[in-house]
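In case you want the letters, here they are:
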Amino acid sequence: MLTGKHVVIMGGDARQLEIIRKLSTLDAKISLIGFEQLDDGFIGVTKRKVDELEWDAVDAILLPISGTDGKGEVETIFSNEKIRLTDEQVKKTPKHCILYSGISNHYLDACVNKTKRKLVKLMERDDVAIYNSIPTAEGTVMMAIQHTDFTIHGANVAVLGLGRVGMSVARTFAVLGAKVKVAARDSHHLARITEMGLIPIHTSSLITELKDVDLCINTIPAPIITANVLAEMPTHCFIIDLASKPGGTDFRYAEKRGMKALLAPGLPGIVAPKTAGKILADVLTKLLDEEK
Ligand code: NAP
């Protein structure tokens, strides 16, 4: 149980509802900031304004998966008001207060450094990233179906990267009957791709290896589908870029060449907010419990 824990949830999307539900069941005290438009009545939950909060009694601050933007602003789908996390707010919290977000940026890193607080980046955890790759792969299938006029079965599909997302995506498209090539740079990844019964390609050979692809799914967070690579790809190829913003595709050149290429961030929150929220809620409650 999390009795006596005061958790502040600042902004977020539908995934936060599962977290609120679980923390409320475990008897935590929850303050919501940026949730004016939320109707659900959760027990032990109070909606607050930033300036009304007793920051000196806060044990944990949960930010959205995106963390903050470069100016500290926090995204929320439940309010029209602008919400900001500031150094001043964090400074007022007790020293043991921990911040949780999906990812970080310069602003958030600087904030926790200046205030000497700990930041837990949930999406950097292998367990969260692997569980999260399941709804991500399903969302990628949804996008492929919505944006193409051919079946996945029998299509030539390239998956770039064999990390946590790349592995799930490659396996999912292979199971659906696609002919899947996977690009990686590390020899043990190339060996694993072969073991999975898929076609290994080296990321340095994309110019020659993507000439026949119908669908290209990028998971590498680096400029990898460059203009030189795009120039050799068939123009009918649909590119789904899953990598975090700004993605790994030269979108300007893809458009110039008449190719359809989409950056597809946050698929778990779009296609399966309940499951994605539950993944986060389970890990978060375990971490909060360990901090007791
Ligand atoms: P990961 O496990 O770190 O995998 C990243 C892969 O990219 C690794 O195989 C890595 O290879 C490769 N890579 C990185 N930089 C490279 C470079 N310069 N050249 C060649 N290969 C490179 O990350 P992940 O958890 O799979 O996530 C992948 C991306 O998807 C991230 O940007 C993440 O934020 C994003 N994501 C998006 C969604 C969505 O809904 N769109 C959902 C979840 C995650 P090495 O091992 O050789 O470095």
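Just above, that's the structure.
These numbers come from a predicted model, not from an experiment. (Residues numbered from 1 in each chain as written. Predicted model: local features only at pLDDT ≥ 70, side-chain atom pairs only at ≥ 80, totals over all residues. Heavy atoms only, no water.)

Draft legend 1. The arrangement of the site of the ligand in detail. Around the ligand sit 19 residues in total, of which Val165, Arg185, Ser244, Ala264 and Leu267 are the nearest. One of the side-chain N or O atoms of Arg164 is found 3.0 Å from an oxygen atom in the ligand. Between the ligand and Arg185, the relevant distance is 2.8 Å, taken from an oxygen atom to a side-chain nitrogen or oxygen of the residue. Coverage of the ligand by the protein amounts to 73% of the 930 Å² it exposes when considered alone. Put simply, the ligand lies in the largest pocket. Among the secondary structure elements, those contributing two or more residues to the shell around the ligand are helix H5 (164-175) and helix H10 (267-271). (Near = heavy atom within 4 Å. Polar contact = N/O pair within 3.5 Å; in protein donor to acceptor, adjacent residues only side chain to side chain. Areas by Shrake-Rupley, 256 points an atom, 1.4 Å probe, with all protein chains shown as cover. 1 Å grid on protein atoms, 1.4 Å probe; cavity = no way out; pocket = protein on both sides within 12 Å on 5 of 7 lines; lining within 4 Å. Sits in = over half its atoms within 2 Å of the grid points. Helix = DSSP H or I, 4+ residues; strand = E, 2+ residues; numbered from the N terminus.)

Draft legend 2. Structural view of the side chain of Thr219. Its location among the elements puts Thr219 in the loop between strand S12 (215-218) and helix H8 (227-232). Judged by its relative accessible area of 16%, Thr219 is buried. At 2.7 Å, the side chain of Thr219 forms a polar contact with the backbone oxygen of Leu160. Those residues in contact with Thr219 that lie beyond four places of it in its chain are Leu160, Gly161, Val165, Gly166, Leu242 and Ala243. (Buried < 20%, exposed > 50% of the residue type's maximum accessible area, 1.4 Å probe, protein only. Contact = heavy atoms within 4.5 Å.)

Draft legend 3. Inspection of the pattern of salt bridges at higher detail. Summed over the entire model, instances satisfying the criterion amount to 15 salt bridges. A salt bridge links Glu124 to Lys121, with the nearest nitrogen and oxygen atoms 3.9 Å apart. We classify Glu124 as exposed; its relative accessible area is 54%. Close ionic contact of Glu290 with Lys286 constitutes a salt bridge, the shortest N to O distance being 3.9 Å. Of this pair, Glu290 and Lys286 both sit in helix H11 (residues 273-290), 4 residues apart, roughly one helical turn. Exposure remark for Glu290: the relative accessible area of 53% places this residue in the exposed category. Salt bridges sharing common partners tie together Glu18, Arg21 and Lys274. (Salt bridge = Lys/Arg side-chain N within 4 Å of Asp/Glu carboxyl O.)

Draft legend 4. A look at the sheet that holds strand S7 (residues 98-101). Spatial strand order, S3-S2-S1-S4-S7-S8: 6 strands in an open sheet with parallel pairing. Two strands close off the open sheet at either side, each with one partner strand: strand S3 (45-48) and strand S8 (118-121). Across the sheet, the axes of successive neighbouring strands diverge by a mean angle of 20°, strand direction being ignored. Looking at chain direction, strand S1 (residues 6-10) and strand S4 (residues 60-62) are connected through 3 bridges and run parallel. What sits directly across from Val8, in S4, is Ile61. Relative to S1, helix H1 (residues 15-25) is tilted by about 170°, and along the sheet it contacts S1, strand S2 (29-33), S3 and S4. (Pairing = 2+ DSSP bridges. Axes fitted to C-alpha atoms, helices over the stretch in contact; angles between N-to-C directions.)

Draft legend 5. Representation of unusual backbone geometry within the structure. Between Lys245 and Pro246 the backbone carries a cis peptide bond, its omega angle lying at 5°. Mapped onto the fold, Pro246 is located in the loop between strand S13 (238-241) and helix H9 (251-256). If you check the backbone angles, Asp27 has positive phi at about 75° while not being a glycine. Relative to the helices and strands, Asp27 is located in the loop between H1 and S2. One non-glycine residue with positive phi stands out, namely Lys116, at about 55°. In this fold, Lys116 is placed in the loop between helix H3 (106-115) and S8. The exposure class assigned to Lys116 is exposed, which follows from its relative accessible area of 68%.

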